[in-house]
Amino acid sequence: MELLKTDKKNKVLGSFIKILGLNRAQIIAANQLDLAAFDQSDRAMYDRLVVDNAKIDSMVKAVEEVMEKDDPVGQTKSTFKREDGLEIINKTAPFGTIMMIYESRPDVTVEAAVLAFKANNKILLKGGKEAIHSNQILIDCWHQALHLNGLDTDWVQLLKMSRTETQAFLKNPDQKIDLIVPRGGERLIAFVKEHATCPVLVSGRGNNFIYVDHKADWNQALKVILNAKTDKISACNALDKILLDKRLPDLENKLIQLQKALHEFEVELVVDQEVKKVLPEEQAIENEEIWFEEFLALKACVALVGDEKEAIQKINKYSGGHSSAIITTDKVLAQSFMEQVDSGAVYHNASTRFTDGGQMGIGGELAISTDKLHHRGPLGLEQLVTNKYYFFGNGQVRV
């Protein structure tokens with residue numbers, strides 16, 4: 001696609017904001033069609049699907065934030081001048097074409113496209129069938145904004161394909177794709193990785209842990225656990241596993257307090273054998289597979305560990321590499337824990353719910369990457385570019 005000037009890109013985004021406002025009622029009406037056809041028993045997916053006035057406000061805010069940010073394209077990363085006078089400059093450059101495959105969330109149709117476009121990338125959006133009406137009207141708004149500014153609507157495309165057609169497309173795309181980002185559950189990610197023939201950046205999988213050390217402030221621990229688990233169960237930064245140090249003072253009473261606090265929010269508990277001795281009415285962990293599972297539901301595992309080393313081993317074995325936290329008053333121990341846990345975001349005495357581009361000062365995000373190449377964590381504007389080397393010479397040859 002054409003390399004656009006910053007002013008041109010921002011004019012498109014400004015037009016898009018106005019068009020979203022003018023079509024607010026139509027967007028909500030289209031979303032109602034999707035909600036009416038959806039099985040509400042999947043609470044997390046339903047929560048992600050909803051578009052109301054507040055959600056549209058957040059879409060508009062995301063576009064405004066991207067407009068205000070510096071253009072990530074053409075930024076100088078490094079310069080080097082050889083003795084022979086040859087000057088080498090490394091600059092940021094667009095990826096090219098990014099494909100995004102996601103489930104339910106219509107706001108991704110806005111946020112992902114805004115970020116990709118500002119970084120001068122073409123984006124192909126493959127949303128789920130459950131959000132087809134919502135996604136279509138949002139894409140129509142995008143195309144109006146592009147058309148008003150004299151640009152081809154190919155910059156932002158909505159792919160309407162069945163699972164079989166998507167599989168065929170991934171194996172043999174009809175156009176060059178430089179990067180695929182699947183954003184959703186483990187089955188979606190596995191499906192894309194199995195069939196894609198271009199680079200895949202994994203995102204969206206949580207399975208996050210909190211370890212409560214024996215030196216923790218217990219009231220603080222309860223506050224953090226409840227926020228991380230119950231604030232938004234459909235988020236990839238929500239809590240799934242709770243590990244308690246066996247050396248916690250008055251451990252039995254603390255387990256009962258934790259049970260009561262979580263039950264008040266209707267959280268289902270699954271516990272190891274040691275915890276079950278204290279909380280016999282709770283369901284026991286029956287197989288190892290549950291430790292790998294991301295719940296996206298009012299459900300949590302509670303288990304005991306001997307110390308922080310056992311907690312670290314458990315987290316590094318089972319977690320999704322997204323977010324992990326330690327609750328302790330021992331700062332030295334916390335630092336060691338955070339250095340050794342293999343997660344993209346590590347916390348000391350804070351909720352995992354802060355693993356979010358907006359909360360981290362990055363602004364809007366395409367997704368939260370749990371891969372280590374090319375980037376780990378929120379995929380914001382600065383992460384949606386690659387690089388290019390420019391050589392400026394005067395007839396130099398290598399000898």
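- Looking at an unreviewed UniProt entry, one finds the protein chain named Gamma-glutamyl phosphate reductase and attributed to Roseivirga seohaensis.
- Quoted verbatim from the Function (unreviewed entry) field of the UniProt record, the comment on the protein chain reads "Catalyzes the NADPH-dependent reduction of L-glutamate 5-phosphate into L-glutamate 5-semialdehyde and phosphate. The product spontaneously undergoes cyclization to form 1-pyrroline-5-carboxylate."
- In its Catalytic activity (unreviewed entry) section, the UniProt record describing the protein chain reads: "L-glutamate 5-semialdehyde + phosphate + NADP(+) = L-glutamyl 5-phosphate + NADPH + H(+)".

### Focus on the pairing of strand S6 (residues 179-183)
Logical step 1: Among the five residues that make up S6, five are buried, leaving the element largely enclosed by the rest of the structure.
Logical step 2: Residues of S6 alternate between two faces, with Leu179, Val181 and Arg183 on one and Ile180 and Pro182 on the opposite face, all of them buried.
Logical step 3: In the sheet, strand S3 (residues 97-102) pairs with S6 via five bridges, with the strands oriented parallel. Looking across to S6, one finds that Tyr102 is bridged to Arg183.

### Structural notes on helix H13 (residues 331-340)
Logical step 1: For H13, the set of buried residues is Leu333, Ala334 and Phe337. Along H13, the residues classed as buried sweep out an arc of 100° about the axis, all on the same side. Exposed positions of H13 whose direction lies more than 90 degrees from the buried face are Lys331, Val332 and Glu339.
Logical step 2: Buried residues in H13 make contact with strand S7 (208-212), helix H12 (308-318), strand S12 (323-327) and strand S13 (345-348).
Logical step 3: Two to three positions downstream of the cap, the backbone nitrogen of Val332 sits 3.1 Å from a side-chain oxygen, assigning the N-cap of H13 to Asp330.

### A short note on the sheet that holds strand S11 (residues 299-305)
Logical step 1: Strand order in the open sheet made by the seven strands is S10-S9-S11-S8-S7-S12-S13, with parallel pairing throughout. Looking at which strands have only one partner, the edges of the open sheet turn out to be strand S10 (283-284) and S13.
Logical step 2: Relative to S11, strand S9 (residues 268-271) runs parallel, the two being bridged by four bridges. Pairing of Glu268 across the sheet is with Lys299, part of S11.
Logical step 3: Its contacts with the sheet put H13 on S7, S12 and S13, and the angle it makes with S13 is roughly 170°.

### A word on the sheet that holds S6
Logical step 1: Strand order across the open sheet formed by four strands is S5-S4-S3-S6, with parallel pairing between neighbours. Only two strands of the sheet have a single neighbouring strand rather than two, namely strand S5 (156-158) and S6. Across this sheet, the average inter-strand angle for adjacent strands is 20°, counted without regard to direction.
Logical step 2: Strand direction decides the pairing type here: S3 and strand S4 (residues 122-126), joined by five bridges, are parallel.

### Quick notes on the environment of Glu103
Logical step 1: Mapped onto the fold, Glu103 is located in the loop between S3 and helix H5 (107-118).
Logical step 2: A relative accessible area of 25% means that Glu103 is categorised as partly exposed.
Logical step 3: Each C-alpha atom, one on Glu103 and one on Glu130, is 7.9 Å from the other, the two residues being 27 residues apart in sequence.
Logical step 4: Look past the residues within four positions of Glu103 in its chain and what remains in contact with it is Met45, Glu130, Arg183, Gly184, Gly185 and Leu188.

### Topic: the nonpolar core
Logical step 1: If you look at the biggest cluster of nonpolar residues, it comprises 52 residues, and the most contacted ones within it are Leu125 and Leu366.
Logical step 2: For this core, the element with the highest residue contribution is H5, accounting for eight residues.
Logical step 3: Membership of the second largest hydrophobic core comes to 33 residues, among which are Ala221, Leu226, Leu269 and Val271.

### A look at the domain arrangement of the protein chain
Logical step 1: Taken domain by domain, the protein chain holds domain 1 (6-202 + 374-392) and domain 2 (208-359).
Logical step 2: Inter-centroid distance (C-alpha atoms) of domain 1 to domain 2 is 33 Å.
Logical step 3: Counting each side, the surface lost to burial between domain 1 and domain 2 is near 840 Å², with a carbon and sulfur contribution of 47%.
Logical step 4: Across the domain 1-domain 2 interface, the total number found is one salt bridge.
Logical step 5: Taking the shortest distance from any N to any O, the salt bridge between Arg376 and Asp342 comes out at 2.9 Å.
Logical step 6: Scanning the region where domain 1 abuts domain 2 turns up three residue pairs in polar contact (both at pLDDT 80 or more).
Logical step 7: The element that contributes the greatest number of residues to the side of domain 1 that touches domain 2 is helix H3 (residues 43-49), accounting for four residues.
Logical step 8: When its residues are assigned to classes, the side of domain 1 that touches domain 2 shows two nonpolar, no polar and five charged.

How each quantity is defined
Residues numbered from 1 in each chain as written. Predicted model: local features only at pLDDT ≥ 70, side-chain atom pairs only at ≥ 80, totals over all residues. Heavy atoms only, no water. UniProt positions renumbered as here; feature names shortened; annotations may be inferred. Buried < 20%, exposed > 50% of the residue type's maximum accessible area, 1.4 Å probe, protein only. Helix = DSSP H or I, 4+ residues; strand = E, 2+ residues; numbered from the N terminus. Pairing = 2+ DSSP bridges. Arc of directions from axis to C-beta. Contact = heavy atoms within 4.5 Å. Polar contact = N/O pair within 3.5 Å; in protein donor to acceptor, adjacent residues only side chain to side chain. Axes fitted to C-alpha atoms, helices over the stretch in contact; angles between N-to-C directions. Core = buried A, V, L, I, M, F, W, Y, C linked by side-chain atoms within 4.5 Å. Domains from an automatic or database assignment. Buried area = accessible area lost by both parts, 1.4 Å probe. Salt bridge = Lys/Arg side-chain N within 4 Å of Asp/Glu carboxyl O. Nonpolar A, V, L, I, M, F, W, Y, C, P; charged D, E, K, R; others polar.

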